[in-house]
Structure formats: structure tokens, C-alpha cells
Amino acid sequence: MPEPIAYILKFILQTVGIFFVIRFVLQAVQADPNNQIVEAIIRLTNPILRPIQSIVRPYKNIDFASFLLAWLTLTLMVILITVGQAAIFSSFSFGLYLTLDYVVWVFLFSIFATIILSFIAPGTYSPFASAAYQIAEPALAPARKLLPPMAGLDFSPMITVMALYLFKNYVLPTLIN
């Protein structure tokens with residue numbers, strides 16, 4: 001396959017996979033569906049996701065259909081990139097690794113966005129800030145219980161980012177291999 005076409009296909013499949021991962025995370029954290037950013041992601045992914053959701057039912061707030069579509073999309077990307085050089089099982093395994101890696105990145109991005117927005121524009125409302133906060137807060141809450149804010153400083157983002165990086169770099173590769 002010519003390199004420009006492979007690059008375009010990789011970009012499209014990766015983007016679609018990331019949208020499904022974001023949809024999965026938004027539903028897992030029970031983000032407000034009336035938020036404009038959340039609503040846009042729901043509208044973008046619904047045409048493909050609705051038929052699958054009729055087969056793969058969600059459990060509580062975990063939408064397995066969006067995770068499955070993210071996994072399959074990213075696996076298809078891996079298969080197209082390797083052009084059949086990798087075994088199918090390893091392609092599915094690496095697709096699962098990418099999906100879980102992107103889930104971690106969505107949380108990391110949201111945490112960093114909330115940190116930056118708290119310095120730049122504290123107390124202001126924007127749909128992006130609200131969505132980032134709704135994603136980051138469930139990840140930060142356990143760290144806040146472990147180490148509550150002291151003297152106006154919240155150390156929970158540092159603990160959570162460190163835990164997510166440890167999971168991403170050490171636990172996730174051993175789970176997939």
C-alpha cells in the first residue's frame with residue numbers, strides 16, 4: 001500500500017478509535033450529556049454505535065459497545081499498518097493495548113487540562129473545562145481521600161498522574177504481553 005494512503009487510513013482509523021475511547025470514558029464517568037462537547041461526541045459516534053449497542057448492552061455506566069468499537073477500529077489500524085505481517089492474535093492484542101493506552105491518555109489529558117485551566121481561568125465556565133473536569137474528577141477523588149488539600153494546594157493530580165503513568169508504562173505492557 002502506498003505510504004500516503006496508509007498514513008491517511010491510519011489517521012482516520014486512529015481518530016475514529018479515539019472518539020470511541022472518549023465516548024467510553026464519558027459514559028464511564030457519567031459526564032453530563034447536556035454539555036456541548038459531550039453532546040457533540042455522542043452525536044458523532046451514535047450512527048455507528050447504536051446498532052452495536054442493541055447487541056452489546058451496557059452494564060451500569062460501562063458502555064462495552066464503544067470500547068469494543070474502539071478496540072476493533074484500532075486493531076484494524078494495526079492490521080492495515082502491518083499489512084498482514086503480524087499474526088491476527090498479536091494485532092488484536094496490540095489493538096487492545098492501544099485502546100487501554102488511549103483510555104489512560106484521556107484521563108491524563110483531562111487532568112492536565114483542569115490543572116492548566118485552574119491557573120489560567122479559575123472559576124469560569126466553558127463546555128471544554130466542564131467536560132475535562134467531569135472526566136478528571138473521578139480519577140482524582142481517590143487521591144484526594146488519600147491526601148486531602150493542604151494550605152490551599154491540591155496534590156491529588158500529582159498522585160493520580162504518577163499512578164496513571166505507572167499503570168501505562170509498567171502494568172499495561174505486562175497485561176498485554
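Shown above is the structure to which this text applies.
Cut-off values and rules
- Residues numbered from 1 in each chain as written.
- Predicted model: local features only at pLDDT ≥ 70, side-chain atom pairs only at ≥ 80, totals over all residues.
- Heavy atoms only, no water.
- 1 Å grid on protein atoms, 1.4 Å probe; cavity = no way out; pocket = protein on both sides within 12 Å on 5 of 7 lines; lining within 4 Å.
- Points joined across faces, edges and corners; volume = space filled by probe spheres on them.
- Helix = DSSP H or I, 4+ residues; strand = E, 2+ residues; numbered from the N terminus.
- Nonpolar A, V, L, I, M, F, W, Y, C, P; charged D, E, K, R; others polar.
- Contact = heavy atoms within 4.5 Å.
- Patch = residues over 30% accessible without salt bridge, like charges linked within 9 Å, V, L, I, M, F, W, Y side chains within 5 Å.
- Areas by Shrake-Rupley, 256 points an atom, 1.4 Å probe, with all protein chains shown as cover.
- Salt bridge = Lys/Arg side-chain N within 4 Å of Asp/Glu carboxyl O.
- Buried < 20%, exposed > 50% of the residue type's maximum accessible area, 1.4 Å probe, protein only.

Q: Where do I start with empty space enclosed by the protein in this structure?
A: Rolled over the atoms, a probe sized like a water molecule indicates the empty space that remains. Under the definition given, this model contains one cavity of 30 Å³ or more. Roughly 30 Å³ of internal volume is contained in the largest cavity. Forming the walls of the largest cavity are A6, L9, K10, L13, M77, L80 and I81. Looking at the lining of the largest cavity, the elements with two or more residues in it are α1 (3-28) and α3 (64-82). Considering every element that reaches the lining of the largest cavity, the biggest residue donor is α1, with four residues. Its residues assigned to classes, the lining of the largest cavity shows six nonpolar, no polar and one charged.

Q: How should I be thinking about the side chain of S110 in this particular structure?
A: Mapped onto the elements, S110 comes out in helix α4 (residues 88-120). With residues near it in sequence (within four places) discarded, S110 still touches A132, I135 and A136.

Q: Which parts of the structure should I look at to understand a nonpolar patch on the surface?
A: A grouping of M162, L166, F167, Y170, V171 and L175 is seen on the molecular surface, where their side chains present a nonpolar patch of about 600 Å² in accessible area. With respect to the element layout, M162 can be found in helix α6 (residues 156-176). Look at M162 and you get exposed, because its relative accessible area is 53%.

Honestly, it's all geometry; don't read function into it.
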